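Now for the letters of each chain:
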Amino acid sequence: MAYLSRRELDDVRPSLEKLVYKVLGSSDSTVLSSIETNLYNGFDRRKLIDKLSFSIDGRKASRLGDKVEDLLDNLRAQSGTGGAGGGAAASAATPAAATGLKKRPHEPDGKDATIKSIDPKRSKQKEDETAIGAQARQSASNGNGTTGNSDPSATGVAANSFSSNQIKLMMENAQREIEERKRKLESIKAGKGTAVPASAVAAAVAVSAKISAAAAAAAAAAASATATVLGTSGATPSTVPGVTTPVVGPAGAAAATITDVERSKKIAQLQEQIRAKLSGTLASVLPPPPAPAVQDKPKPLILDAEGRTVDGSGRAVIVPQLTPTLKANIRAKKRETTKNQQAAERAQTEEASESHFHDDRITLKPAVRNKRALRFHEPGKFQQLAERMRMKVQLEKLQNEISQIARKTGISSATKLALIAPKADTHSNEVPSMEWWDSVILTDDLSTVDAQGNISIRESAITNLIEHPTQMRPPNESSRAVYLPVFLTKKERKKLRRQNRREAWKEEQEKIRLGLEPPPEPKLRISNLMRVLGTEAVQDPTKIEAHVREQMAKRQKVHEEANAARKLTDDQRREKKVRKMKEDTTLGVHVSVYRIRELQELQSKKFKVETNAKQLFLTGICVLFRDCCVVVVEGGPKQQKKYRRLMMHRIKWEEDMVKNADGVEIPNTCVLVWEGTTQRRNFGEFKYKSFPLEKSARDFFQKHHVEHYWDLAYSGAVLEASEDA
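In this text, all values refer to a predicted model and were calculated from it rather than measured experimentally.

Enquirer: Tell me what's going on with the sheet that holds strand β4 (residues 619-624), and back it up with residues and numbers.
Expert: Strand order in the open sheet formed by five strands is β8-β3-β5-β4-β9, and the pairing between neighbours is mixed. Bordering the open sheet on either side are β8 (670-678) and β9 (687-690), each of which pairs with just one other strand. Across the sheet, the mean angle separating the axes of adjacent strands is 15 degrees when strand polarity is ignored. Both β4 and strand β5 (residues 629-635) contribute to a ladder of five bridges, which runs antiparallel. The residue bridging Ile621 from the neighbouring strand is Val632, located in β5. The strands that helix α23 (residues 637-650) touches are β3 (589-596), β5 and β8; relative to β3, the one it contacts most, it runs at about 10 degrees. Lying over the sheet, helix α25 (residues 707-724) contacts β3, β4, β5 and β8, oriented at roughly 30 degrees with respect to β3.

Have a look at this one:
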């Protein structure tokens, strides 16, 4: 970045005024002060153009920035030339001036691109000059760098130690190369037969001259460096500019070879850059670049023991990797890297979990679903199914015919009588010789003994494991979910009723608005007669009063008819009552067993017991026996609750006096022996049964598989009789 002091700005001000007048056509103090401020703070072309764009046109601001930049380059070149021709003080001042006038590189902005597109010829020429100058300076610096860490003063003397003859030879060689380039261009123009513009040819000639000058400067710098190397090694070769002479000594030969190779590479690279920047006819005018040497075989790939790529000397070669520069590509690459890391961690976690918690008995689903193969039905399968269905229909038809014939002939009634007959005792009281749980661990049976005289047991069947029974659902538990009923408060019920009535009113109003129903008549009453009708009531009050009373009677009649329509009939009321009394006993039947001391002679009590059981739709039996009358009722929980209240509280059993076995009168009693649930009903409609013998009564209960009811009730009666005695 070039910084100019106040004294230097005073010296440069006339030149700046001329530039401003030349570009703008008139002098402008504002523009001049902006340029001076920029130079004083450090020249920055972009900032200068942005600042000038506020006061002048953007295109003129760009031109003015270029002019100021060229002026600074000229000043820097003059300061460098003056330092080289002056004494020691001037030589010492030259680096400082060059450092102070060093220009900071700026990034091209949109305005620069616009200017380049407007004036491409000028911008390309300027780029070519800049590139050629930079290449020459780089070649000179590389040539000087081969001398090692020598003294800068000695290097400068060696570079300026050329004689006049050598300089003349260098100029002749440069002119000769220029003439050769001209002849080549003319031959290319004559051979192609295309009209190449004179400006293009001139530009190409200028570019070729610049390339030759850069090559000559690079050759001179290389020659000076070689001379310095040879001077230090003691050799005195005869150097000719532009010609590489063999040097005596291995160090000189190596330096000359490296310099020639680097020079040729840099010149070819510079030509390629200029060709890439030029377009149109200029690119076709320039000579084509030399074709690279075609390699017959690819370079051998050398790997070391660790698998890294190395060169011939054994050093590791770093393979360049393309890294994204756009933020979108950087974010995409970061997402991909994160996704891969997460997938790897997930796979590692799953692998660890599978290795620690893996059950071989569980079959895992494959990652890829297998294709379903076609499965064909066996021939004749559906014919067999159809034949089976036909046979089933025929069998049902035959069974219906048989049942009708049996009903006509009376066989069905005989079957019912057979069911009433006492069944054989299916309950065996025999004790098995060996229980089923013992048969699991016994070798053969209880009679098999071992050498010590003990029962032989299979030791392998006894382990430290406990066998838990299978959890089964209780038979009286409902499979449906039980939901608690929701009870609304009085306020909530009123709110719900209000909302429902409002919805119905809105629906009615909508129908009236659409014309589906006629609008209702005004609701007239005696109290609002004058307010609703007004003058009509005054004109004929008798007629209006009769009309109002007729309307009131009509409303009353409609209300009563609606109530009568909602009223249940006698059959419906009876059915509703039965439905409320009956209960669902599919999940279990509630059973209650009562024992009464005496019931045979008490007709009123017998009537109450039987009638209430039938009214509550209870099933059961009442067995009459001396000193022990047993009442068994089956039904739902609500029915049992009502019947229990009847037997234990409503009927006053203590009012009746009965005689016991000794002939002593004692008060009658009723005791609840047992209540519980069973899976099904064991009796039919409630009825009375009288038995003279205890065995016949037990046989009756045993026939219905509830003999334990009798055993429990009769044992209680015996104990009660013994206590009374």
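Enquirer: With reference to specific residues and values, describe the environment of Gly588.
Expert: Position of Gly588 relative to the elements: it lies in the loop between α21 (570-581) and β3. Owing to a relative accessible area of 15%, Gly588 belongs among the buried residues under this scheme. Apart from residues no more than four positions distant in its own chain, Gly588 is found in contact with Asn476 and Thr678.

Enquirer: Tell me about the confidence of the model for the protein chain, and please be specific about residues and values.
Expert: The predicted coordinates should not be examined in detail at positions where pLDDT is low. Model confidence for the protein chain is summarised by a mean pLDDT of 75, while 69% of its residues fall at 70 or above. Here helix α5 (residues 88-100) stands out as the least confident element of the protein chain, with mean pLDDT 37; helix α17 (residues 490-514) is the most confident, with 96. Taken as a whole, residues 138-161 scores under 50 in pLDDT and shows 19 contacts with residues more than four places along the chain or in a different chain. Here residues 225-257 is modelled with pLDDT under 50, and outside its nearest four sequence neighbours on either side it reaches 23 contacts, counting other chains as well.

Enquirer: Got a sec to walk through the nonpolar core? Specific residues and values, please.
Expert: Formed by 22 residues in total, the largest nonpolar core has its most connected members in Leu16, Val31, Ile35, Leu39 and Leu64. When contributions to this core are tallied by element, the ones reaching two or more residues are α1 (6-24), α2 (29-41), α3 (45-52) and α4 (58-85). Once residues lying within four places of it in the same chain are set aside, the contact partners of Leu64 are Leu19, Val20, Val23, Val31, Ile35, Leu52 and Ile56. Ranked by size, the runner-up nonpolar core spans 20 residues in total, among them Leu624, Ile651, Cys670 and Phe686.

Enquirer: Got a sec to walk through the pairing of β3? Specific residues and values, please.
Expert: Regular strands place their side chains on alternate faces of the sheet. Burial runs high along β3: seven of the eight residues are buried. Taken together, the eight bridges between β3 and β8 define a ladder with antiparallel strand orientation. Directly across from Arg595, in β8, lies its bridge partner Val671. In this structure, β3 lies alongside β5, joined through seven bridges in antiparallel fashion. Within β5, the residue paired with Arg595 across the bridge is Val630.

Enquirer: Any chance you could break down helix α22 (residues 603-615) for me, citing the residues and the numbers?
Expert: With 13 residues, α22 should reach 18 Å at 1.5 Å per residue; the first-to-last C-alpha distance of 18 Å fits that figure. Those residues of α22 lying buried are Lys605, Lys606, Val609, Asn612 and Ala613. For α22, the buried positions fall inside an angular range of 150 degrees around the axis, keeping them on one side. Among the exposed residues of α22, those oriented more than 90 degrees off its buried face are Gln603, Phe607 and Gln615. Residues of α22 that are buried in the fold lie against β4, β5, α23 and β9. Downstream of α22 by a residue or two, Phe617 has a phi angle that is positive, lying close to 60 degrees.

Enquirer: Lay out the packing of helix α24 (residues 694-703) against α25 in plain terms, naming residues and giving numbers.
Expert: Where α24 contacts α25, the two axes come as close as 7 Å, and the packing angle between them is 140 degrees. In this view, α24 runs oblique relative to α25, as classed from their interaxial angle. Along the contact surface, α24 presents Glu694, Ala697, Arg698, Phe701 and Gln702, while α25 presents Glu707, Tyr709, Trp710, Asp711 and Tyr714. Broken down by class, the residue content of the contact of α24 with α25 amounts to five nonpolar, one polar and four charged.

Enquirer: Any chance you could break down a positive patch on the surface for me, citing the residues and the numbers?
Expert: Side chains of Lys490, Lys491, Arg493, Lys494, Lys495 and Arg498 sit close together on the surface and give a patch of like positive charge. Tracing the sequence through the fold places Arg493 in helix α17.

Enquirer: I'd like a rundown of the packing of α1 against α2, residues and numbers included.
Expert: Running from N to C, α1 and α2 cross one another at 140 degrees; their axes reach a closest spacing of 10 Å. As judged from the angle between their axes, α1 and α2 are oblique. Judged by the twist between their axes, the crossing of α1 over α2 is right-handed. In this structure, α1 contributes Arg6, Leu9, Arg13, Leu16, Glu17, Val20 and Leu24 to the contact, and α2 contributes Val31, Leu32, Ile35, Glu36, Leu39 and Tyr40. Residues that form the contact of α1 with α2 fall into these classes: nine nonpolar, no polar and four charged.

The rules behind the values
- Residues numbered from 1 in each chain as written.
- Predicted model: local features only at pLDDT ≥ 70, side-chain atom pairs only at ≥ 80, totals over all residues.
- Heavy atoms only, no water.
- Pairing = 2+ DSSP bridges.
- Helix = DSSP H or I, 4+ residues; strand = E, 2+ residues; numbered from the N terminus.
- Axes fitted to C-alpha atoms, helices over the stretch in contact; angles between N-to-C directions.
- Contact = heavy atoms within 4.5 Å.
- Buried < 20%, exposed > 50% of the residue type's maximum accessible area, 1.4 Å probe, protein only.
- pLDDT = per-residue confidence, 0-100.
- Core = buried A, V, L, I, M, F, W, Y, C linked by side-chain atoms within 4.5 Å.
- Expected span 1.5 Å × (residues − 1).
- Arc of directions from axis to C-beta.
- Parallel < 35°, antiparallel > 145°, perpendicular 65-115°, else oblique.
- Nonpolar A, V, L, I, M, F, W, Y, C, P; charged D, E, K, R; others polar.
- Patch = residues over 30% accessible without salt bridge, like charges linked within 9 Å, V, L, I, M, F, W, Y side chains within 5 Å.
- Areas by Shrake-Rupley, 256 points an atom, 1.4 Å probe, with all protein chains shown as cover.
- Salt bridge = Lys/Arg side-chain N within 4 Å of Asp/Glu carboxyl O.
- Lys, Arg positive; Asp, Glu negative; His and termini not counted.
- Charge placed at Lys NZ, Arg CZ, Asp CG, Glu CD.
- Left-handed = near helix turned anticlockwise from the far one by under 90°.

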